[in-house]
Structures are given as structure tokens and as C-alpha cells.
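# Per-entry structural report
Here are the chains, one letter per residue:
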Amino acid sequence: MIRLLSFLSMLALWQGAALLSDPRHLPAPGPVGLAIWEEARSGALFSNLGATLARVAASFALAMTLGSALGYWMGRDRRVDAILDPWLVALLNLPALVVIVLAYIWAGLGEAAAVGAVALNKLPGAMVVAREGARAQDPLLDEMARAFRLPWRARLRHLVLPQLAPYLAAATRSGLSLVWKIVLIVELIGRPNGVGFKINMAFQLFDVRLLLAYALPFVGLMLCVETFLVQPFERRVSRWR
Amino acid sequence: MLLDVDVRSKDYADAAGRRAPAIEGLRFALKRGEAGAVVGPSGCGKTTLLRIVAGLDPDFAGRVTLPRDARLGMVFQEPRLLPWRSLFDNVRIAAPQASDAEIDALLARFGLAEHAKHFPGQLSLGLARRAALARALAIGPQLLLLDEPLVSLDAALALELREHIAKLIDETHVTTLLVTHDLSEAIALADRIFVLTPRPARVAATLEIDTPRRRMTAERAKALAEEARVAFKAPRG
């Protein structure tokens with residue numbers, strides 16, 4: 001209830017500010033809603049949202065899989081940690097934009113470069129969290145698994161993943177919001193479709209209405225992913241507590 | 001012999017990193033179907049010994065002889081159940097070859113039927129110990145290893161679990177090795193007691209029990225306790 005009121009007051013504030021300013025700088029909620037409707041009817045909204053979402057999903061999945069595996073390995077093996085740590089620090093401190101531009105220069109203005117660049121930006125964060133998770137694994141349970149000669153698949157499923165799950169959920173939460181923001185930049189610089197591409201177009205045309213018509217539905221979509229996918233997953237994995 | 005243990009030496013490193021011998025020249029053996037108890041003062045290396053027998057600690061000089069591919073059912077001092085899996089699943093994960101009916105029967109035998117769907121965190125220590133015991137039995141072990149199975153339970157619960165284990169050994173004839181600091185516990189459960197010396201541990205005396213468990217009488221228990229006390233005090237070497 002309070003959330004709803006807060007949301008409504010946000011809309012009211014927007015409406016009020018729009019009344020006081022030039023509609024070219026800040027269009028009111030009404031015209032923006034209309035623009036969303038028009039883009040939706042032509043199908044352009046969905047194809048661009050879909051393209052962006054696909055990039056988010058692909059780069060997120062790539063970064064999480066690779067990052068969790070590498071981070072877990074680093075957390076379990078000191079030598080691997082010593083070898084990979086400088087790489088991790090370098091990656092952590094590399095600006096997203098540098099990675100994106102270099103990826104486009106080296107791999108060409110293609111889908112692989114776009115998805116790869118985004119994944120590379122998310123990778124070190126996932127590694128750090130997975131490494132923490134690996135270090136927090138209970139050695140007593142490890143020993144139990146050895147005593148009962150559990151095969152590695154059972155260990156992965158019943159020991160490693162349940163202990164890693166809260167860490168992976170945290171990495172998912174922070175990672176998703178990072179990834180979709182970077183995907184927009186990647187699209188803005190070098191893709192012929194997607195929300196980022198449309199925002200660039202709106203910028204060129206100085207069309208704030210169009211900009212908001214793409215930005216808002218996408219924010220809404222990511223909120224839905226967070227509420228209906230990430231949070232239920234978090235609740236599921238912590239049910240035993 | 002099902003189990004033949006010969007630990008010539010095992011060092012341990014103390015907090016300061018100094019190495020000192022924990023076990024030296026410790027030998028004993030168990031026949032199939034026998035229950036052996038290793039008794040010694042706290043900190044004399046009993047748990048270390050059990051971990052060596054279980055194959056969890058390869059860093060020692062000597063030899064542990066077991067049948068090839070022997071299945072070992074280990075019950076740790078802390079139950080070490082997976083807190084994110086139900087009791088039923090805990091048993092199932094350790095013993096994937098057991099059928100649902102077998103697991104249910106096993107849980108029922110330990111009075112855990114109503115807890116099958118519960119998570120370990122919802123159980124008392126006594127129940128969790130029983131669950132750990134059920135898990136160890138589910139794999140159909142050739143050797144059951146028990147690390148202080150009755151420690152930190154209140155007297156009534158300890159007695160109850162002791163009866164459970166005694167009955168189990170009598171009925172299934174599973175070869176059992178238990179370590180404990182409590183002599184009366186060993187007298188109530190074992191066919192054969194190995195009394196250890198303080199560090200570095202070795203076997204000071206072996207007590208044979210011809211009237212084990214249900215057939216144990218108060219007088220016999222008293223005599224055994226006296227015998228063990230003498231062994232503890234005997235000069236070394």
C-alpha cells in the first residue's frame with residue numbers, strides 16, 4: 001500500500017514537473033504512455049526489448065557460469081587463487097567502456113563481441129562472490145562426503161550448490177542490474193537494434209518521449225525478472241533455514 | 001580378520017606448529033561381526049585413530065587392512081547431516097542404492113518415521129545422532145565407525161541411544177568400531193575393549209568380554225572396570 005502511494009506520488013511529481021517545463025525536455029506521463037502504445041502496436045517495442053533481453057540473458061549466463069566455476073576453483077585451491085588473482089584485480093579495475101570498445105575493435109561489430117564484452121564486465125564480480133562462497137564451504141561436510149564416498153555429481157548437487165546458492169543469488173541480483181545497464185551501452189555503440197540502439201536514436205533526434213518510451217518498459221521488465229524469478233529463487237534456496 | 005590396524009606413528013601439529021607424536025605403535029584387530037571399543041582419556045588421539053581407519057587421514061606411518069572396497073558407515077561426533085535436505089533425503093543421498101521402503105524402515109527402526117520430511121535443524125541432538133546412525137547403516141556397511149556416539153546427550157537420552165546401538169549390534173552383527181572416553185559405555189556395547197595410554201597413544205590392554213551387551217551383569221561390568229583401571233595405571237613399556 002505504501003509502495004503504491006509512493007509510486008503514485010512519483011507519477012504526480014513527474015506530471016507536475018512536466019507542466020512547468022518544455023514538453024520537448026520532459027514530456028508528461030500521458031504522451032509517453034501513448035508513445036509506448038504506438039511502439040508496441042507496430043511491434044518495434046517488443047522486437048527491441050526482445051533483442052536486449054536476449055543479450056542480457058546470454059551475457060549473464062556466460063558470465064555466471066564461467067565466473068562461478070573459476071571463482072569456486074580459486075576458493076578451493078590456493079595455487080589457482082595465486083595465479084588468477086592478478087587477472088581478477090585487473091579485470092575488476094578495467095572500465096566497462098574500454099572492454100566494450102576493445103572488443104568491437106578486435107572482434108568486429110558483431111553479436112559475439114557485444115555479448116562477450118558484457119560478460120567480461122560481469123565476470124570478475126561473479127568470480128569474487130563465488131570465491132567467497134567456496135571459502136565458506138563447511139569442511140566437516142566435505143569430510144562426511146569423503147567418508148561416504150559420494151560421487152562428484154552428488155557432491156555438486158547436494159553439498160556445493162546448496163552452500164553456494166546464497167552467494168550465487170547475491171551475484172545474480174547485483175549482476176543482473178549491472179549487465180542490463182552495460183548491454184544498453186554496448187547496443188548504443190555498435191548494434192543495429194535493442195533498447196540501447198533506440199535510445200541512441202532518440203538522442204540523435206532529441207526525442208525524449210521515445211527515449212522514455214523504451215527506457216521505462218525495459219526497467220519494468222527487469223523489475224519483473226527480479227520479482228518473479230530472482231526473489232522466488234532466493235526464497236527457495238533458503239527454505240531450510 | 002575384518003579390520004587390522006597397525007599405526008606405527010602419527011604426528012600432530014599443535015597450535016604453535018610443533019610436531020609431536022599423537023599415536024605410536026598402536027595395533028589391534030577386529031573379527032567379522034565383532035564390536036570393538038577404543039577407550040582412552042580425552043585428547044589421546046581417539047578421533048585421529050578413527051579418521052585414519054576411515055581413510056580420511058592418509059598422513060601416518062603404518063597400515064590399515066580392510067577388505068577391498070569395504071563400505072564404511074561413519075557416524076561423526078557432530079551428526080554432519082546436510083541441513084538443507086530432509087532426513088529422508090540425507091539417507092537417500094548417502095545410500096542411493098537403498099529403496100524408499102528400506103529407508104522408511106530404517107528411519108522407523110530409529111523412531112524417526114515422523115521426522116522423515118523434517119530438516120536436521122528442526123531436530124534435537126539426540127534425534128540427529130540417530131539419523132546419522134540410520135544414514136551410516138543405510139549403505140549396508142561392512143564396518144560401522146562410531147565417534148563418541150553418546151557424548152553431550154543427557155543421561156536418559158544417552159542410555160536410550162546406547163540400548164538402540166546395543167540392540168543393533170546384537171541383531172545385525174555389523175562389525176563395529178567405536179571410540180569413547182567413557183569406560184562404562186564401552187563395557188555396555190563392546191565384545192572387546194582396547195584401553196589406550198595417554199599421548200602418544202598405544203593399546204595398554206585388551207579386555208575380552210564374554211558376556212557382551214544384553215548378557216552383561218553388574219558384577220561383570222564392575223570387574224571389567226577394575227581391570228581397565230589397573231591397565232591405565234600399569235607402568236609403560
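As the structure is a prediction and not an experimental result, all values here were calculated from the model. (Residues numbered from 1 in each chain as written. Chains lettered and ligands numbered in written order. Predicted model: local features only at pLDDT ≥ 70, side-chain atom pairs only at ≥ 80, totals over all residues.)

### Side note on the overall build of chain B
When you go through chain B residue by residue, the secondary structure sums to seven helices and nine strands. Rg of the C-alpha trace for chain B: 18 Å, near the compact-globule value of 18 Å for 237 residues, within the 12% margin. Each principal axis of the C-alpha atoms in chain B carries an extent, and together these give about 55 × 45 × 35 Å. Across the 237 residues of chain B, 41% fall into the buried class. Of the contacts made within chain B by residues no fewer than 6 positions apart, 70% connect residues no fewer than 24 positions apart. (Helix = DSSP H or I, 4+ residues; strand = E, 2+ residues; numbered from the N terminus. Rg over C-alpha atoms; globule rule 2.2 N^0.38 Å. Buried ≥ 20, exposed ≤ 12 C-beta atoms within 10 Å, placed from the backbone. Contact = placed C-beta atoms within 7 Å.)

### A closer look at the overall build of chain A
Counting its regular elements, chain A contains 10 helices and zero strands. Along chain A, helices and strands appear, N-terminal first, in the series α-α-α-α-α-α-α-α-α-α. Seen along its three principal axes, the alpha-carbon backbone of chain A occupies a region of about 70 × 50 × 30 Å. When burial is assessed residue by residue, chain A has 34% of its 241 residues classed as buried.

### Describing the interface of chain B and chain A
Contacts between the two partners involve 16 residues from chain B and, on the opposite side, 12 residues from chain A. Counting only elements with at least two residues in the side of chain B that touches chain A, the list comes to β5 (72–75) and α2 (87–94) of chain B. A breakdown of the residues in the side of chain B that touches chain A according to their chemical character gives 12 nonpolar, one polar and three charged. (Nonpolar A, V, L, I, M, F, W, Y, C, P; charged D, E, K, R; others polar.)

### A look at the environment of R80(B)
By secondary structure assignment, the location of R80(B) is in the loop between β5 and α2. The exposure class assigned to R80(B) is buried, which follows from the 23 C-beta atoms found within 10 Å. Here R80(B) is in contact with L140(A), L141(A), M144(A) and A132(B), once residues within four sequence places are set aside.

### Details of the domain arrangement of chain B
Residue and element names in this part refer to chain B. Under the domain assignment used here, chain B contains domain 1 (3–70 + 142–233) and domain 2 (82–141). Here the C-alpha centre of domain 2 lies 25 Å away from the C-alpha centre of domain 1. With 10 residues of domain 1 in contact, the opposing surface of domain 2 contributes seven residues. Those elements that provide at least two residues to the side of domain 1 that touches domain 2 are β6 (143–147) and α5 (155–172). Among the elements that make up the side of domain 1 that touches domain 2, the one with the highest residue count is α5 (three residues). (Domains from an automatic or database assignment.)

### A look at the sheet that holds strand β2 (residues 19–30) of chain B
Residues and elements named next belong to chain B. Taken together, three strands build an open sheet; the order of strands is β2-β1-β4 and the sheet is antiparallel. Looking at the sheet topology across the chains shown, the edges are occupied by β2 and β4 (61–65). The mean inter-strand angle of the sheet, taken between neighbouring strand axes irrespective of direction, is 20 degrees. One ladder, built from five bridges, connects strand β1 (residues 3–13) with β4; its direction is antiparallel. (Pairing = 2+ DSSP bridges. Axes fitted to C-alpha atoms, helices over the stretch in contact; angles between N-to-C directions.)

### A closer look at the nonpolar core
A134(B) and L145(B) are the most contacted members of the largest nonpolar core, which totals 122 residues. The contacts of A134(B), once residues within four sequence positions are left out, are V91(B), L106(B), L107(B), F110(B) and L112(B). (Core = buried A, V, L, I, M, F, W, Y, C linked by C-beta atoms within 7 Å.)

### Examining the packing of helix α8 (residues 152–190) of chain A against helix α10 (residues 208–237) of chain A
All names here are of chain A. Interhelical geometry of α8 versus α10 gives an angle of 170 degrees and a closest axis separation of 9 Å. By the angle between their directions, the pair α8 and α10 is classed as roughly antiparallel. Here A165, P166, A169, T172, R173, L176 and W180 of α8 lie close against α10, whose contacting residues are M222, V225, E226, V230, F233, E234 and V237. For the contact of α8 with α10, the per-class residue count stands at 10 nonpolar, one polar and three charged. (Parallel < 35°, antiparallel > 145°, perpendicular 65-115°, else oblique.)

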